[in-house]
Amino acid sequence: MAKKVSVIGGGGNVGASCALYVAEMEIADVVMIDILEGVPQGKALDLQQSAPIQGFDAYVTGSSDFAALEGSDVVVVTAGFPRKPGMSREDLLKANADIVRNAAEKIRTHAPNAFVIVVTNPLDVMAYLAWKTTGFPKNRVMGMAGVLDSARLRTFVALELGVSMQDVHAMVLGGHGDSMVPLPRYTTVGGISITELLSPAQIEAISKRTANGGAEIVALLKTGSAFYAPAASAAQMVQAILKDQRRLLPAAVLLEGEYGMRDLFIGVPIILGGQGVERIVPLQLSAEEDAALRKSGDAVKKTIAELGL
Ligand code: NAI
Ligand code: 2OP
């Protein structure tokens with residue numbers, strides 16, 4: 001039987017694009033769920049009709065009823081409001097908390113065995129809220145941000161050096177916000193650290209642009225935030241789980257003492273496979289990197305406290 005991936009918020013930009021990427025990967029049938037009546041159904045039908053052209057065999061359906069979650073192997077949560085110009089991720093906190101809490105309750109009821117990938121912002125706190133609300137084991141709930149932030153860093157390095165995007169790998173840790181922690185030492189081109197290929201000034205500029213990556217796109221779009229790369233990032237995580245790839249990538253997961261922090265979700269390197277978050281990979285951080293990660297952790301904790309979780 002085909003695997004099943006549901007996207008809550010599937011009528012929106014990130015959700016619909018994620019549905020597209022997952023369907024084209026032919027790793028599962030896809031259900032797009034949204035509170036909007038007609039939009040998920042319409043987008044799903046449109047997407048399904050691209051199948052003969054794009055040549056993929058996957059069923060895509062839309063629903064405004066959360067009961068459609070039934071039997072999902074993976075649920076991606078993109079429901080929520082996107083950031084508008086001048087709005088911080090934290091501004092979204094209260095509005096999106098209600099939406100994510102409701103989505104998590106529905107997942108607990110209708111898809112109690114699913115893996116959950118949260119995308120809604122502010123990401124780290126929404127992932128923590130989803131974990132608390134579902135009551136699922138920690139390996140089954142995670143937040144997507146590190147794959148996106150690392151992809152942005154990879155893109156800027158490839159553009160700066162004029163090399164293939166495929167040869168660049170990167171690691172960005174911490175919360176999905178201004179305090180994220182790009183790690184140049186662990187960012188490589190064909191295995192060579194960028195610290196050997198770029199000047200400190202170039203690395204500084206690229207790291208800053210990465211941390212500002214979401215805001216740069218919001219300022220251009222004006223009516224919403226990025227969705228192609230975020231959706232592709234979430235789809236890559238879905239694929240890692242369904243194909244048991246055991247990929248090493250950064251994701252927001254529950255820390256219980258790892259990296260000197262506990263009782264929060266924050267971006268760290270993990271192995272992502274058929275069991276979900278199979279393990280957290282420890283890295284030897286410099287004093288400066290460690291301080292930056294802890295500062296980012298403090299920012300996430302502050303937001304968790306604001307929500308009274
Ligand atoms: P969007 O506005 O295009 O889509 C959001 C969808 O959620 C809408 O279709 C809306 O009807 C739906 N929705 C609202 N309340 C709902 C509910 N209670 N149940 C089901 N669906 C509901 O927004 P977009 O651009 O897709 O962004 C979605 C979220 O993802 C935002 O919070 C945004 O900030 C976040 N995001 C996170 C990223 C990350 O790296 N973690 C990257 C990009 C976006
Ligand atoms: C992004 O980084 C807004 O979190 C979203 O594009």
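Thresholds applied
Residues numbered from 1 in each chain as written. Chains lettered and ligands numbered in written order. Predicted model: local features only at pLDDT ≥ 70, side-chain atom pairs only at ≥ 80, totals over all residues. Heavy atoms only, no water. Helix = DSSP H or I, 4+ residues; strand = E, 2+ residues; numbered from the N terminus. Buried < 20%, exposed > 50% of the residue type's maximum accessible area, 1.4 Å probe, protein only. Polar contact = N/O pair within 3.5 Å; in protein donor to acceptor, adjacent residues only side chain to side chain. Contact = heavy atoms within 4.5 Å. Domains from an automatic or database assignment. Salt bridge = Lys/Arg side-chain N within 4 Å of Asp/Glu carboxyl O. Axes fitted to C-alpha atoms, helices over the stretch in contact; angles between N-to-C directions. Parallel < 35°, antiparallel > 145°, perpendicular 65-115°, else oblique. Left-handed = near helix turned anticlockwise from the far one by under 90°. Pairing = 2+ DSSP bridges. Right-handed = clockwise from strand over helix to strand, strands pointing away.

Trainee: Requested: an account of the side chain of Ser193, with residues and values cited.
Mentor: Structurally, the position occupied by Ser193 is in strand β11 (residues 192-193). Given a relative accessible area of 14%, Ser193 falls into the buried group. Engagement of the side chain of Ser193 in a polar contact is seen with the side chain of Thr195, the distance being 2.7 Å. Once residues lying within four places of it in the same chain are set aside, the contact partners of Ser193 are Pro184, Arg185, Thr187 and Thr188.

Trainee: Any chance you could break down the domain arrangement of the protein for me, citing the residues and the numbers?
Mentor: Partitioning the protein into structural domains gives domain 1 (4-143) and domain 2 (146-306). Using C-alpha coordinates to define each centre, domain 1 is positioned 21 Å away from domain 2. Taken together, the contacts link 36 residues of domain 1 with 46 residues of domain 2. Scanning the region where domain 1 abuts domain 2 turns up 1 salt bridge.

Trainee: So, the pattern of salt bridges: which residues are in play, and what are the values?
Mentor: Counted under the stated rule, the structure contains 8 salt bridges. Close ionic contact of Arg152 with Asp149 constitutes a salt bridge, the shortest N to O distance being 4.0 Å. Taken together, the residues span about one helical turn, with Arg152 and Asp149 both in helix α6 (residues 146-161) at a distance of 3 residues. Residue class for Asp149 comes out buried when judged on its relative accessible area of 3%.

Trainee: Lay out the packing of α6 against helix α7 (residues 200-211) with the relevant residues and their values.
Mentor: Two elements in contact, α6 and α7, have axes whose closest approach is 9 Å; the angle formed by their N-to-C orientations is 140°. When the axes of α6 and α7 are compared, the pair comes out oblique. Along this stretch, α6 crosses α7, giving a crossing that reads as right-handed. Where α6 approaches α7, its residues Asp149, Arg152, Leu153, Phe156, Val157 and Glu160 are matched on the opposing element by Gln202, Ile206, Arg209 and Thr210.

Trainee: Could you give me a rundown of the pairing of strand β2 (residues 29-33), with the residues and numbers involved?
Mentor: Judged by how many residues are buried, β2 sits mostly within the fold: 4 of 5 residues are covered. As paired strands, strand β1 (residues 4-8) and β2 are joined by 5 bridges and run parallel to one another. Counterpart to Val5 in the pairing with β2 is Val30. Note on the crossover from β1 through helix α1 (residues 13-25) to β2: the handedness is right-handed.

Trainee: Now, about the pairing of strand β13 (residues 262-273): what can you tell me, with residues and values included?
Mentor: Here β13 lies mainly inside the structure; 10 of its 12 residues are buried. Pairing of strand β12 (residues 247-256) with β13, which is carried by 10 bridges, proceeds in the antiparallel orientation. Its bridge partner lying in β13, Glu256 is registered against Arg262. Hairpin remark: β12 followed by β13, antiparallel, with 5 residues in the connecting loop; positive phi at Gly257, about 110°. With 4 bridges connecting them, β13 and strand β14 (residues 276-280) associate as antiparallel partners. For Ile270, the partnering residue across the bridge sits in β14 and is Ile280.

Trainee: Please set out the sheet that holds strand β7 (residues 168-169) residue by residue, giving values where relevant.
Mentor: As summarised here, the arrangement of the 3 strands in space is β7-β10-β11, forming an open sheet in which the pairing is antiparallel. The open sheet has two edge strands with one neighbour each: β7 and β11. Here β7 runs beside strand β10 (residues 188-189); their pairing, made up of 2 bridges, is antiparallel. Looking across to β10, one finds that Val168 is bridged to Val189.

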